[in-house]
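Fold and contact review
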Amino acid sequence: MKPAMETAAEENAEQSQEKKGCFECCIKCLGGVPYASLVATILCFSGVALFCGCGHVALTGTVSILEQHFSTTASDHALLSEVIQLMQYVIYGIASFFFLYGIILLAEGFYTTSAVKELHGEFKTTACGRCISGMFVFLTYVLGVAWLGVFGFSAVPVFMFYNIWSTCEVIKSFQTNVTVPGDQICVDIRQYGIIPWNAVPGKACGPILENICNTNEFYMSYHLFIVACAGAGATVIALLIYMMATTYNYAVLKFKSREDCCTKF
């Protein structure tokens, strides 16, 4: 029989080893987390959600403003209504695609990070795995360039609404100056090309324009377009992070798959 003190010491040693093994296991697991891909995924989901949600509601408000104040004849803005409806359906597709693509990229980040850091034994990868990683690199670059265009396109309605809002502010400032009538200050929506030149009335002046700026549809649409543009910018940043992470992981996998990799440093 062992003395009680030796038995207690052995038990304490075993418990300390178990704690140490659990701690090392946690550190090992945390080392396999692709933090860059995780941050990019969160940023991508947030940006796409803002762009799609706010953009959808803002487009609906824009159609309402046009129908009530700038194009009272339905045939004049029929094409625009169809285009906006199509864009709303595209928004649904974008949201679904990026939700799936973000999850896939995050899973691919876990795979490549574990392979690069050799968390599960000796480094092993296949040509198929490297090919898939290369495909994600190419696809992410294409999506990044495409989203740069989306970001630029989302700034167009912000510019249009800002011009209308700034014109309303000019009208308010002229109310104290009787020598400059506010009725001469107008905004012609037809010059933006979203409705034809024969649309009636096509423009709004003075107090009518000021009333438009005071409506809830204008206020909400203007600010929602700003948020949608910010969401598109956040998505571009997320895709840039994805580009760097996937390119680095692919390059390391390609390099470590060579038999003479250790002699190249």
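Each chain has its residues counted from 1, running along the sequence as written. At least 70 in pLDDT is required for a residue's local features to be given in this predicted model, at least 80 for side-chain atom pairs to be given and counted, and no such filter applies to totals for whole chains, interfaces and linings, which use all residues. Side-chain figures throughout are based on the complete set of non-hydrogen atoms in the structure, without hydrogens or water.

UniProt annotates the protein under Subcellular location (unreviewed entry) with the comment "Membrane". UniProt positions are given in the numbering used here, feature names are shortened, and annotations may be inferred rather than shown by experiment.

**Considerations on the overall build of the protein**
Across its full length, the protein carries six helices and two strands. Put simply, the protein runs from its N terminus to its C terminus through helices and strands in the order α-α-α-α-β-β-α-α. Residue burial is assigned from relative accessible area. The probe radius is 1.4 Å, only protein chains are included, and a residue is buried under 20% of its type maximum, exposed over 50%, and partly exposed in between. Taking all 265 residues of the protein together, the buried fraction comes to 38%. Put simply, of all contacts in the protein between residues at least 6 apart along the chain, 80% involve residues at least 24 apart. Going along the chain from the N terminus, every DSSP run of H or I of four or more residues is numbered as a helix, and every run of E of two or more is numbered as a strand. Throughout, a contact is declared for two residues whenever any of their heavy atoms are within 4.5 Å.

**Notes on the packing of aromatic side chains**
Here a ring pair, both rings aromatic, is described through the centre-centre distance and the interplanar angle of the planes. Here a Phe, Tyr or Trp ring, Trp counted by its six-membered ring, pairs with any other such ring whose centre lies within 6.5 Å, and the pair is stacked when the planes are under 30 degrees apart, edge-to-face when over 60, and tilted otherwise. Here the structure, examined in full by the defined rule, presents 13 aromatic pairs. A ring pair is formed by tyrosine 162 and tryptophan 165, whose centres lie 5.9 Å apart and whose planes are at 35 degrees; its orientation type is tilted. With tyrosine 162 and tryptophan 165 both in helix 4 (residues 127–174) and three residues apart, the pair spans about one turn of that helix. With relative accessibility at 41%, the residue tyrosine 162 sits in the partly exposed group. Overall, the relative accessible area of 35% leaves tryptophan 165 in the partly exposed class. Taken together, the aromatic side chains of Phe51, Phe97, Phe98, Tyr101, Phe136 and Trp147 make up a single cluster linked through ring pairs.

**Let's talk about the layout of surface pockets**
Using a grid of 1 Å spacing that covers the protein atoms alone, one calls a set of points a cavity when a 1.4 Å probe fits there but cannot get out, and a pocket when the set is open and has protein on both sides within 12 Å along at least five of seven lines; lining residues are those with an atom within 4 Å of a point. Grid points are joined across faces, edges and corners, and a volume is the space filled by probe spheres set on the points. Estimated volume of the largest pocket: approximately 570 Å³. If you go around the largest pocket, you meet 24 residues; those closest to its centre are Leu59, Met87, Phe153, Pro157 and Phe225. Within the residue set of the lining of the largest pocket, elements represented by two or more residues are helix 2 (35–70), helix 3 (78–117), helix 4 and helix 6 (216–256). Counting residues per element, the lining of the largest pocket draws most heavily on helix 4, which supplies eight residues. Asp, Glu, Lys and Arg are counted as charged, while Ala, Val, Leu, Ile, Met, Phe, Trp, Tyr, Cys and Pro are counted as nonpolar; the rest, among them Gly, fall into the polar class. Here the residues of the lining of the largest pocket are counted per class, giving 21 nonpolar, three polar and no charged.

**Re the environment of valine 150**
By the secondary structure assignment, valine 150 is in helix 4. Taking relative accessible area as the criterion, valine 150 reaches 25% and is therefore assigned partly exposed. The spacing of valine 150 and phenylalanine 51 is 99 residues in sequence and 10.0 Å in space, taken between C-alpha atoms.

**A look at empty space enclosed by the protein**
Tallied over the full model, the rule gives one cavity of 30 Å³ or more. Looking at the largest cavity, the residues that line it are Thr62, Ile65, Leu66, Phe70, Met160, Phe161, Ile164, Ile189, Ile194, Ile212 and Phe218. Listed by contribution, the elements that provide at least two residues to the lining of the largest cavity are helix 2 and helix 4. The residue makeup of the lining of the largest cavity, split by class, is ten nonpolar, one polar and no charged.

**Overview of the nonpolar core**
Nonpolar side chains in soluble globular proteins tend to end up buried together. In plain words, nonpolar cores are sets of buried Ala, Val, Leu, Ile, Met, Phe, Trp, Tyr and Cys residues tied together by side-chain atoms within 4.5 Å. In terms of nonpolar packing, the biggest core is built from 47 residues, with Phe70, Phe98, Trp147, Phe161, Ile164, Ile189 and Leu209 touching the most fellow members. At twelve residues, the largest contribution of residues to this core is made by helix 2. Apart from the residues within four sequence positions on either side, phenylalanine 161 is in contact with Thr62, Ile65, Phe218, Ser221, Tyr222 and Phe225.

**Brief notes about a nonpolar patch on the surface**
A surface patch of nonpolar side chains, about 290 Å² in accessible area, is lined by Tyr35, Leu38 and Ile42. Positionally, leucine 38 belongs in helix 2. Nonpolar side chains (Val, Leu, Ile, Met, Phe, Trp, Tyr) within 5 Å and like charges within 9 Å form the patches, drawn only from residues with over 30% relative accessible area and no salt bridge. The Shrake-Rupley method, run with a 1.4 Å probe, gives the accessible areas here. Residue values count only the displayed protein chains as cover. Basic side-chain nitrogens of Lys or Arg form a salt bridge, by our definition, when they fall within 4 Å of a carboxyl oxygen of Asp or Glu.

**Brief notes about the UniProt feature "transmembrane region" (unreviewed entry) in the protein**
The sites that UniProt annotates as "transmembrane region" (unreviewed entry) are residues 38–66, 86–111, 132–156 and 224–248. Taken end to end, residues 38–66 is 100% helix and 0% strand, and its two terminal C-alpha atoms sit 42 Å from one another. The straight-line gap between the two end C-alpha atoms of residues 224–248 is 36 Å; of that span, 100% is helix and 0% is strand.

**A short note on the state of the cysteines**
Two cysteine sulfur atoms form a disulfide, by the criterion used here, when they sit within 2.5 Å. By the definition in use, this model includes two disulfides. Two residues, cysteine 168 and cysteine 213, share a disulfide whose sulfurs are 1.8 Å apart. In this structure the cystine formed by cysteine 168 and cysteine 213 twists about its S-S bond by roughly 60 degrees; its chirality is therefore right-handed. Taken together, the residues cysteine 168 in helix 4 and cysteine 213 in helix 5 (residues 206–213) connect sequence positions 45 residues apart. On the basis of relative accessibility, which here comes to 11%, the residue cysteine 213 falls in the buried class. A sulfur-sulfur separation of 1.8 Å characterises the disulfide bridge that pairs cysteine 186 with cysteine 205. Handedness here is read from the sign of the S-S torsion; for cysteine 186 and cysteine 205, about 110 degrees, the answer is right-handed.

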